[in-house]
Amino acid sequence: MGKDAMVPATMRVRRRIQETADTFTLELEPDAGTFVFEPGQFNQLYVFGVGEVPISISGDAARPSVLVHTIRDVGTVTHALSKLRKGDTVGVRGPYGRGWPMEEARGKDVILAAGGIGLAPLRPSIRHVLANRDDYERVVIFYGARTPEDMLYPKELIKWRSRLDAKVSVTVDRADRSWHGNVGVITQLVSAARTNPSNTIAMVCGPEIMMHYMQIHLARLGVPDEAIFVSMERNMKCAIGRCGHCQYGGDFICRDGPVFAFSEIARRFRVRAL
Amino acid sequence: MKTKTIPELLRENEFFSELPDDDIEFIAGCAQIAHFAKGKFVMLAGEPCTHFYLVRTGRAVVEVETANRARVIHSPGPGDLIGWSWVLPPATWRYDVRVIEDISAIAFDAECVRRKCEEDTEFGYHIYRRILELVIERLMATRIQMLDMFA
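Quick notes on the rules
- Counting restarts for each chain: residues are numbered from 1 in the order of the written sequence.
- Going through the entries in the order they are written, you letter the chains from A and number the ligands from 1.
- Local features in this predicted model are restricted to residues of pLDDT 70 or higher, and side-chain atom pairs are both shown and tallied only at a pLDDT of 80 or more, whereas totals for entire chains, interfaces and linings draw on every residue.
- To obtain the side-chain values, all non-hydrogen atoms of the structure were included, while hydrogens and water were left out.
- For two strands to be treated as a pair, DSSP must find no fewer than two bridges joining them.
- A run of H or I in DSSP becomes a helix once it reaches four residues, and a run of E becomes a strand once it reaches two; helices and strands are each numbered from the N terminus.
- Any residue under 20% of the maximum accessible area for its type is buried, any over 50% is exposed, and the rest in between are partly exposed; the area is computed with a 1.4 Å probe on protein chains only.
- A right-handed crossover is one whose linking path, passing over the helix from the first strand to the second, runs clockwise when the strands point away from the viewer.
- Pairing of aromatic side chains requires ring centres within 6.5 Å, counting the rings of Phe and Tyr and the six-membered ring of Trp. Pairs whose planes differ by under 30 degrees are stacked, by over 60 edge-to-face, and all others tilted.
- A ring is scored as having a charge over it whenever the NZ atom of a lysine or the CZ atom of an arginine sits within 6 Å of its centre and within 35 degrees of its normal.
- Residue contacts are counted whenever heavy atoms from the two residues lie within 4.5 Å of one another.
- Buried area adds together the accessible area that both of two parts lose upon being put together, with accessible area traced by a 1.4 Å probe.
- The working definition used for a salt bridge is a side-chain nitrogen of Lys or Arg within 4 Å of a carboxyl oxygen of Asp or Glu.
- Pairs of N or O atoms are called polar contacts if they sit within 3.5 Å, as long as, within protein, a hydrogen donor faces a hydrogen acceptor (for residues adjacent in sequence, only side-chain-to-side-chain pairs).
- The residues that make up patches have over 30% relative accessible area and no salt bridge, and they are joined within 9 Å when like-charged or within 5 Å when they are Val, Leu, Ile, Met, Phe, Trp or Tyr.
- Where accessible areas are quoted, they stem from the Shrake-Rupley method and a 1.4 Å probe; at the residue level, only the protein chains shown are allowed to cover.

Student: If you had to explain the sheet that holds strand S9 (residues 167-172) of chain A to someone new, which residues and values would you point to?
Tutor: All names here are of chain A. Taking strand neighbours across the sheet as the criterion, the seven strands line up as S10-S9-S8-S7-S11-S12-S15 in an open arrangement whose pairing is mixed. Where the open sheet ends on each side, the last strands, each with one partner, are strand S10 (182-183) and strand S15 (259-261). Bridging between S9 and S10 involves two bridges; their strand directions are parallel. Paired with Thr171 across the two strands is Asn182, which belongs to S10.

Student: Could you give an account of the pairing of strand S7 (residues 109-115) of chain A, naming the residues involved and the relevant values?
Tutor: Residues and elements named next belong to chain A. Within S7, seven of the seven residues are buried, leaving the element largely enclosed by the surrounding structure. Burial of S7 is two-sided: the residues Asp109, Ile111, Ala113 and Gly115 facing one way and the residues Val110, Leu112 and Ala114 facing the other way are all buried. Bridge count between S7 and strand S11 (residues 200-205): six bridges; the pairing is parallel. Pairing of Ala113 across the sheet is with Val204, part of S11. Across six bridges, the pairing between S7 and strand S8 (residues 139-145) is parallel. Paired with Val110 across the strands is Val139, a residue of S8. Regarding the hand of the β-α-β motif, the stretch spanning S7, helix H3 (residues 119-131) and S8 is right-handed.

Student: So what's going on with the packing of aromatic side chains? Residues and values would help.
Tutor: Counting across every chain of the model gives nine aromatic pairs over all chains. Ring plane angle 50 degrees and centroid distance 5.8 Å describe the contact between Phe42 of chain A and Tyr96 of chain A, whose orientation is recorded as tilted. On the criterion of sequence distance, the pair formed by Phe42 of chain A in strand S3 (residues 42-47) and Tyr96 of chain A in strand S6 (residues 89-96) is long-range, its members being 54 residues apart. In this pair, the class of Phe42 of chain A matches that of Tyr96 of chain A, namely buried. Note on Phe15 of chain B and Phe16 of chain B: the rings are 4.8 Å apart at their centroids and 70 degrees apart in plane angle, and the pair reads as edge-to-face. For the pair Phe15 of chain B and Phe16 of chain B, one class covers both residues: buried. An aromatic cluster of at least three residues, connected via ring pairs, comprises Phe15, Phe16, Phe52, Trp86 and Phe108 of chain B. Over the aromatic face of Phe26 of chain B sits the side chain of Lys116 of chain B, whose NZ or CZ is 4.4 Å from the ring centroid. Here the guanidinium or amino end of Lys116 of chain B rests over the ring plane of Phe123 of chain B, the centre of that ring lying 5.2 Å away.

Student: An account of the interface of chain A and chain B is needed here, citing residue identities and associated values.
Tutor: Taken residue by residue, the interface counts 25 residues in chain A and 22 residues in chain B. Together chain A and chain B conceal approximately 2200 Å² of surface at their shared face, both sides included; 56% is due to carbon and sulfur atoms. Taken together, chain A and chain B are joined by three salt bridges. Across the pair Arg174 of chain A and Asp148 of chain B runs a salt bridge whose closest N-O atoms are separated by 3.7 Å. For the pair chain A and chain B, the interface holds six residue pairs in polar contact (both at pLDDT 80 or more). A total of four residues in the side of chain A that touches chain B trace back to one element, the largest contributor, which is helix H5 (residues 208-221) of chain A.

Student: Give me the lowdown on a nonpolar patch on the surface, citing residues and values where you can.
Tutor: All names here are of chain B. A cluster of nonpolar residues, Leu132, Ile136 and Met140, forms a patch on the protein surface that exposes about 270 Å² of accessible area. Counting through the fold element by element, Ile136 comes out in helix H4 (residues 121-147). Classification of Ile136 by relative accessible area gives partly exposed; the value is 46%.

Written out as C-alpha cells, the structure reads:
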C-alpha cells in the first residue's frame, strides 16, 4: 500500500476466468511482486474513470505472487471490472479489515460454511486450513448455491471432496434431474457436522439471511455465538474507518470487520435498516 | 461385525431416540428392512401411503413434475425420514421420490403405526409431535429456499 491510503497501486490483469454466467475471477500481478494478506480481508478495486468497489480477496495467502478476486457483475464498477482483459490495469488499495480467526481456530474443529458467492471470501481460509491440516481437528466444509450452474470453483470443490481428512458437503436450492447431489438449503447440512460444539470454530459467509439461519442451526448444535464468525457487508467507501459509509452500530465494517464474532453483533444483526 | 437390530437402529435416529423402549419395540414390529435400486421410485404421487421409510444408506430425490419437467425440491439421505402424508387422510403421496443412490432403509407399515397411534394416544402423541417437528423443519427449509437468497 502506498503512503497515502487513498491512492491506489496499479496492477495488471494476469488472467481472467469466467466462473459462472455472472461471476468472474481476476488474477492480478502485484506491483511490488508480492501482496501479503490475511484470509477474510478485502481490497478496494478501482476502475479508472468509473469508480471503486470493495472486493474480498479470494486467492491463496500462501501464494502472495498473485492477487485473486472473484467478482459478481452486478453494478457499474463490477461490470467495468468484468470487461478487463489480460494486460489491462486496475487500481488496488488494501488489504483492509479484520479477517477470519485462523489462529483462534488452531487445535479446534472447524466448520467453514459458504453460500453463493460467499465462497470467495472464505476460500483463502479453506485453503489455509487444508494446507495446514494437522493444525486443526475435524474440518467440515459446507457450500450452498442457487443451482448447480451457479456453483463457484467446481473443480476445486471436487478436489476438496476427494480428501479423506475433511468432510465436504455441497447442496443447491434447486436442480433438475441431471444433478445427482444434495438439493435443499445449506442449513439442512449442519446437523451432519458432528463436531465437538465446545471446541468448534465456525466461519460463515454468505447473504445475511443465510448467516442468520446458519447461526440458529449452529446454536442448536451447541456452538456458542463467540465461536461463530460471520463476514458482514456494507457500503464500504474509504475502507479505513473515516468516511462512515459502512458504519454498523458502533463499528465500521471496513476497519472493525468485515469478520465479526456473532456475539459482537448479535444485538444488531438483522435489525431492519441498520 | 454384529448386525444391528431394527430397535437398535431406531434408537440411534433422532426421530425415534426419545421413544420409550416399549414403543421402540412396538414400532419395530411394524418395520422391516427394504432396499431400492438407483432409478427406482420409493413412492409415486397419488399412490396410497402403505409404507414410510427411514433411510439408512443411499439417497433419493423428492420430485415434482411440472410441464413435463421434473424439478427436484429435496434430497433425503442417511438418517432422514421419507414420507409423512400417511398420518392424515386421504393418506396418498403428494410427490414422487426417486432413488439416485441405492437405498437401504427401514420400511414402516403405515397402517400398523397409524392404528397404534389411535389406540395408544401417548405413543401417538410422541409420533405426531416428532412428525410435526419434521414438518416445521421442512416448512422452514422450503421458506428459505423460496427466498432465493443466493440470487
